[in-house]
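# Remarks on the overall topology
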Amino acid sequence: SRGLGDVYKRQIKNYTDVQLKNVDYQYNPDLTKALDHINGPFSYEDVFKITLWKVDRYPYIDKVTLATLNELETQKHFSEDVLLQILDKLLRVKGIGLPMASTYLRFRNPDVYPIIDRWAYKGLYVHSPKYVEKQKPIRKEKESIESYNKRWKNYIQRQTARYKEYIKDVELSL
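Fair warning: this is a prediction, and the values are worked out from it, not measured in the lab. Each residue is numbered by its place in its chain's sequence as written, counting from 1. A pLDDT threshold of at least 70 governs which residues receive local features in this predicted model, and a stricter bar of 80 or more applies before side-chain atom pairs are shown or counted, although totals over entire chains, interfaces and linings include all residues. Excluding hydrogens and water, the side-chain values take into account all heavy atoms of the structure.

### Overview of helix H6 (residues 98-108)
Each residue is placed in one exposure class: buried if its accessible area under a 1.4 Å probe, protein chains only, is under 20% of its type's maximum, exposed if it is over 50%, and partly exposed if it falls in between. Numbering of helices and strands starts at the N terminus; helices are DSSP runs of H or I of at least 4 residues and strands are runs of E of at least 2. Along H6, the residues that are buried comprise Leu-98, Ala-101, Ser-102 and Leu-105. Considered in projection along H6, the buried side chains sweep an arc of 100° and stay on one side of the axis. By definition, the arc is the one covered by directions from the helix axis to the C-beta atoms.

So, in structure tokens, the structure goes:
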């Protein structure tokens, strides 16, 4: 029987001329460049980055969003305004939805923010039609920026309201 390598060899006519190590990946270009320039032994962080690169789940969180997230460490009480601000920043990042955003919040300040995941959410709302939206608004072709920004604002407000309600309900169930 032929192996998978034989199939690929047949598909590439000049197999010996192909230099796979020099393939110019256009995928996640900034991260690819950084990973290509790792010198010395891999660290755990390098391995995590490579894994996230491969599964296309590497979040690009800008410095302002990271600083805002880090400010939550000293927060003593829940604030809807603060939550709205940080969710607006985090949910704009490709690969970050409400469950992932809540995970960052929890590890930054576990006294204020719980993790919201689909299993806990389903368990808490087993008899309710509540759900977490999986699709972020995407700007439609020919859509005005004002229209898109309005849809985005509505999305963030809905996500913030869901998370706020979840926090309240988790506290009540404890």
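Now that the structure has been shown, we can carry on.
### Side note on the environment of Thr-65
Tracing the backbone shows Thr-65 in helix H4 (residues 63-71). Exposure remark for Thr-65: the relative accessible area of 3% places this residue in the buried category. Separated by 21 residues in the primary sequence, Thr-65 and Ile-86 have C-alpha atoms spaced 7.3 Å apart. Two residues qualify as a contact provided that any one of their heavy atoms is within 4.5 Å of a heavy atom in the partner residue. Once residues lying within four places of it in the same chain are set aside, the contact partners of Thr-65 are Ile-86, Lys-89 and Leu-90.

### Things to note about the packing of aromatic side chains
Two rings from Phe, Tyr or Trp (for Trp, the six-membered ring) form a pair when their centres sit within 6.5 Å of each other. Planes less than 30 degrees apart are called stacked, planes more than 60 degrees apart edge-to-face, and all others tilted. Counted according to the given criterion, the structure contains 2 aromatic pairs. For the pair Tyr-113 and Tyr-163, a centre-to-centre distance of 6.4 Å together with 10° between the ring planes defines the contact as stacked. Taken as a pair, Tyr-113 in the loop between H6 and helix H7 (118-124) and Tyr-163 in helix H8 (residues 145-173) lie far apart in primary sequence, 50 residues in all. Here, a charge over a ring means that NZ of Lys or CZ of Arg falls within 6 Å of the ring centre while also lying within 35 degrees of the ring normal. Here Arg-106 stacks its cationic end above the ring of Phe-107, 4.6 Å away from the centre of that ring.

### Structural notes on the pattern of salt bridges
A carboxyl oxygen of Asp or Glu within 4 Å of a side-chain nitrogen of Lys or Arg is what we treat as a salt bridge. A full pass over the atoms with the stated rule returns 6 salt bridges. Across the pair Lys-164 and Glu-80 runs a salt bridge whose closest N-O atoms are separated by 2.8 Å. Of the two residues, Lys-164 is situated in helix H8 and Glu-80 in helix H5 (residues 80-90); the sequence distance between them amounts to 84 residues. Between Glu-143 and Arg-151 there is a salt bridge, and its shortest N-O distance comes to 2.8 Å.

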